[in-house]
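So the chains spell out like this:
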Amino acid sequence: MEVIEYFLDENKEHWKKQVALADWRAAKFLFELLNDMRKFEELLGKGGKLFLLVDGEKIVSFVTLTRQDCIRDKSIFPWLGFLFTYPDYRGNRYSEKLLEYVEEEAKSENYSIVYLGTDHIGLYEKYGYVYLETRKDYWNDEVRIYYKKL
């Protein structure tokens with residue numbers, strides 16, 4: 001298995017189709033954003049990255065590292081988003097491995113903290129994330145904001 005950065009990979013169409021196979025509403029939305037880079041940058045900011053943990057030609061897990069996310073607050077960044085592990089690979093801590101990789105990427109970009117928005121309780125705490133607050137997101141849904149110091 002290896003981590004690749006979607007936007008730097010020459011096999012984007014293949015990986016985009018793999019993202020579309022995810023049975024998760026947010027993954028379908030990510031697929032739409034990957035098909036419209038103007039919208040991707042408008043919602044997530046310029047220079048956003050999509051990291052894929054891959055096993056051969058299959059995506060195991062994916063996550064974004066972006067300037068913006070579903071919470072419209074430009075004063076807090078960067079954001080980890082769209083974290084997903086495909087069902088066949090769950091239970092092996094692949095999400096944790098990918099989070100660690102992306103946290104190191106954020107550190108290499110001189111960030112000392114990362115944020116994420118979720119409706120999960122108890123998932124990200126086990127990876128060292130701390131609950132900050134709950135806010136309304138872009139679609140007016142309640143989202144829990146977590147952060148982690150790097």
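Just above sits the structure.
In this text the structure is predicted, and so the values were computed from the model without any measurement.

Our focus in this paragraph is the sheet that holds strand β2 (residues 49–55). The seven strands are arranged β1-β2-β3-β4-β5-β7-β6 in an open sheet whose pairing can be described as mixed. The strands lining the two open edges of the sheet, one partner per strand, are β1 (2–5) and β6 (130–136). Neighbour-to-neighbour, the strand axes of this sheet turn through a mean angle of 30°, independent of strand direction. The pairing of strand β3 (residues 58–66) with strand β4 (residues 79–85) spans five bridges and is classified as antiparallel. Residue pairing in the sheet places S61 in a bridge with T85 of β4. Contacts from helix α1 (residues 12–20) reach β1, β2 and β3 within the one sheet, and its direction differs from that of β3 by about 95°.

As a further point, take the pairing of strand β5 (residues 113–118). With five of six residues buried, β5 lies mostly within the body of the structure. Where β4 meets β5, two bridges bridge the pair, whose relative direction is parallel. Bridge pairing links W79 to Y115 in β5. On the question of chirality, the crossover connecting β4 to the parallel β5 by way of helix α4 (residues 94–108) is right-handed.

Okay, the pattern of salt bridges next. Applying the stated rule across the entire model yields 12 salt bridges. The residue E96 makes a salt bridge to R93 at a minimum N-O spacing of 2.4 Å. The class of R93 is partly exposed, set by a relative accessible area of 47%. Measuring nitrogen to oxygen at the nearest pair gives 3.7 Å for the salt bridge that ties E104 to K107. Highlighted residues: E104 and K107, both in helix α4, separated by three residues, approximately one helical turn. For E104, a relative accessible area of 47% gives the class partly exposed.

We now examine the layout of surface pockets. Quantified by volume, the largest pocket comes out at close to 1,100 Å³. If you go around the largest pocket, you meet 39 residues; those closest to its centre are W24, A26, G117, T118 and D119. Elements represented by at least two residues in the lining of the largest pocket include exactly α2 (25–35), α3 (37–44), β4, α4, β5 and β7 (142–149). Per-element accounting of the lining of the largest pocket gives the leading share, six residues, to β4. Each residue belonging to the lining of the largest pocket can be placed in one class, and the counts come to 21 nonpolar, eight polar and 10 charged.

With six of its seven residues buried, β2 lies for the most part within the structure. Across four bridges, the pairing between β1 and β2 is antiparallel. The residue of β2 that forms the bridge with V3 is L53. One ladder, built from seven bridges, connects β2 with β3; its direction is antiparallel. Along β3, the bridge assignment pairs L50 with T64.

Quick look at the packing of aromatic side chains now. What the rule picks out here adds up to 16 aromatic pairs. Taking the centre distance of 5.6 Å and the plane angle of 35° together, the rings of F62 and F84 count as tilted. On the criterion of sequence distance, the pair formed by F62 in strand β3 and F84 in strand β4 is long-range, its members being 22 residues apart. In this pair, the class of F62 matches that of F84, namely buried. Here the aromatic cluster, defined as three or more aromatic residues joined through ring pairs, consists of W24, F62, F84 and Y86. Cation over ring: R67 sits above F77, and NZ or CZ is 3.3 Å from the ring centre.

Parameters at a glance
- Residues numbered from 1 in each chain as written.
- Predicted model: local features only at pLDDT ≥ 70, side-chain atom pairs only at ≥ 80, totals over all residues.
- Heavy atoms only, no water.
- Pairing = 2+ DSSP bridges.
- Helix = DSSP H or I, 4+ residues; strand = E, 2+ residues; numbered from the N terminus.
- Axes fitted to C-alpha atoms, helices over the stretch in contact; angles between N-to-C directions.
- Contact = heavy atoms within 4.5 Å.
- Buried < 20%, exposed > 50% of the residue type's maximum accessible area, 1.4 Å probe, protein only.
- Right-handed = clockwise from strand over helix to strand, strands pointing away.
- Salt bridge = Lys/Arg side-chain N within 4 Å of Asp/Glu carboxyl O.
- 1 Å grid on protein atoms, 1.4 Å probe; cavity = no way out; pocket = protein on both sides within 12 Å on 5 of 7 lines; lining within 4 Å.
- Points joined across faces, edges and corners; volume = space filled by probe spheres on them.
- Nonpolar A, V, L, I, M, F, W, Y, C, P; charged D, E, K, R; others polar.
- Phe/Tyr/Trp six-rings, centres within 6.5 Å; stacked < 30°, edge-to-face > 60°.
- Lys NZ or Arg CZ within 6 Å of the ring centre and 35° of its normal.

This is a description of form; function is not addressed.
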